[in-house]
Amino acid sequence: MAVKTLIINDQLISAREEETILQAAQDAGIHIPTLCHLEGVSDVGACRLCLVEIVGSNKLSPACVTQVAEGMEVKTNTERLQKYRRTIVEMLFAEGNHICSVCVANGNCELQDLAIEMGMNHVRLEYQFPQRQVDISHDRFGVDHNRCVLCTRCVRVCDEIEGAHTWDMAGRGKNSHVITDVNQPWGTSLSCTSCGKCVNACPTGAIFDKGSSVGEMVHQRDRIQFIVTAREKKQWFS
Ligand code: SF4
Ligand code: SF4
Ligand code: FES
């Protein structure tokens, strides 16, 4: 196992060569904000919340998909990064319809947590108020596209952990959205096993348990990591 030594925020760190900056930082107790990252599934670098500065490079790099390198010097919380991150979160709020006061995930939402972390007390951008659908055709779950931040965590968890590949992305630009099977109501999907993994993976209230009221939707995201660890260690085989 080759080890790389790097500096993150003036702290000397050792990491396995295959690790990302995000993993190395987390192992060292250094917090980097994330949204599309979910422990247990692959990273896609979609949200850009985890951008960091690498000394000697002008461009910002997403920590979740950038591998560590020997002698690398990383800054995770500069004023420039704080500004970028706040703008990204504001864009997410302006682009969707995130009305926390009536949301099932109020108080248990990663987008809300990020807004608080970034000190976002208002949105400086113009709200788009897009017209989006809610699909409650599934017996147990619903999806409210108004609250979707297009992180693709549902897509990846359903594909990589459940093996069903019910979710996918469709559309371009502001018309991008998640779909089930061949863009049909979730309740008519033949591939969905109703396992609930996407419900727990969703960072916002976009995918929810039917019957949840305001603030009642509690996501158990550590269950995904639990399943992955149990499979890797073959804990379910005697
Ligand atoms: S409930 Fe399970 S199988 Fe169905 S869409 Fe969600 S993750 Fe996929
Ligand atoms: S439904 Fe949830 S998990 Fe899926 S892309 Fe939207 S926000 Fe992410
Ligand atoms: S967490 Fe790295 S790009 Fe989203």
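None of the values given here were measured: they were computed from a predicted structure.

So, how was this worked out
- Residues numbered from 1 in each chain as written.
- Chains lettered and ligands numbered in written order.
- Predicted model: local features only at pLDDT ≥ 70, side-chain atom pairs only at ≥ 80, totals over all residues.
- Heavy atoms only, no water.
- Helix = DSSP H or I, 4+ residues; strand = E, 2+ residues; numbered from the N terminus.
- Contact = heavy atoms within 4.5 Å.
- Phe/Tyr/Trp six-rings, centres within 6.5 Å; stacked < 30°, edge-to-face > 60°.
- Near = heavy atom within 4 Å.
- Nonpolar A, V, L, I, M, F, W, Y, C, P; charged D, E, K, R; others polar.
- Domains from an automatic or database assignment.
- Buried area = accessible area lost by both parts, 1.4 Å probe.
- Salt bridge = Lys/Arg side-chain N within 4 Å of Asp/Glu carboxyl O.
- Polar contact = N/O pair within 3.5 Å; in protein donor to acceptor, adjacent residues only side chain to side chain.
- Patch = residues over 30% accessible without salt bridge, like charges linked within 9 Å, V, L, I, M, F, W, Y side chains within 5 Å.
- Areas by Shrake-Rupley, 256 points an atom, 1.4 Å probe, with all protein chains shown as cover.

A. Up close: the environment of Gly 171. Mapped onto the fold, Gly 171 is located in the loop between β8 (167-170) and β9 (177-180). Residues within four places of Gly 171 in sequence aside, it is in contact with Ser 176 and His 177.

B. Focus on the packing of aromatic side chains. Under the definition given, this model contains three aromatic pairs. Between the aromatic rings of Trp 167 and Trp 186, the centroid separation amounts to 4.8 Å while the plane-to-plane angle is 65°, which identifies the pairing as edge-to-face. One end of the pair, Trp 167, is in strand β8; the other, Trp 186, is in the loop between β9 and α5 (197-201), with 19 residues separating them in the sequence.

C. Spatial organisation of the site of ligand 2. Taken together, the neighbourhood of ligand 2 is formed by Cys 148, Val 149, Leu 150, Cys 151, Thr 152, Cys 154, Val 178, Cys 202, Pro 203, Thr 204, Ala 206 and Ile 207. Taken together, the residues of the shell around ligand 2 sort by class into ten nonpolar, two polar and no charged.

D. Representation of the domain arrangement of the protein chain. Domain parsing of the protein chain yields domain 1 (3-77) and domain 2 (83-232). Using only C-alpha atoms to locate each centre, domain 1 and domain 2 end up separated by 25 Å. Listed by partner, the interface residues are 23 residues for domain 1 and 24 residues for domain 2. Contact between domain 1 and domain 2 buries roughly 1,700 Å² in total, counting both sides, with carbon and sulfur atoms accounting for 62%. Counting the surface domain 1 buries against domain 2, the share from its top three residues, Leu 35, Leu 38 and Leu 49, is 37%. Summed over the shared surface of domain 1 and domain 2, the result is zero salt bridges. Our count for the contact surface shared by domain 1 and domain 2 stands at ten residue pairs in polar contact (both at pLDDT 80 or more).

E. Representation of a nonpolar patch on the surface within the structure. A cluster of nonpolar residues, Ile 99, Val 102 and Val 214, forms a patch on the protein surface that exposes about 260 Å² of accessible area. With respect to the secondary-structure elements, Val 214 resides in the loop between β10 (207-209) and α6 (222-232).

F. Main features of the pattern of salt bridges. Going through the model one piece at a time under the given rule, you end up with twelve salt bridges. Note that Glu 90 is salt-bridged to Arg 124, the shortest N-O span being 2.8 Å. With a gap of 34 residues between them, Glu 90 in helix α2 (residues 79-95) and Arg 124 in the loop between α3 (110-117) and β6 (134-135) connect regions that are remote in the sequence. In this structure, a network of salt bridges that share partners links the residues Asp 10, Glu 73 and Lys 75.

G. Focus on the site of ligand 1. Every one of the 14 residues lining ligand 1 counts as a neighbour, but Cys 158, Trp 167, Cys 192, Cys 195 and Cys 198 are closest to it. Elements with a contribution of two residues or more to the shell around ligand 1: α4 (153-162) and α5.

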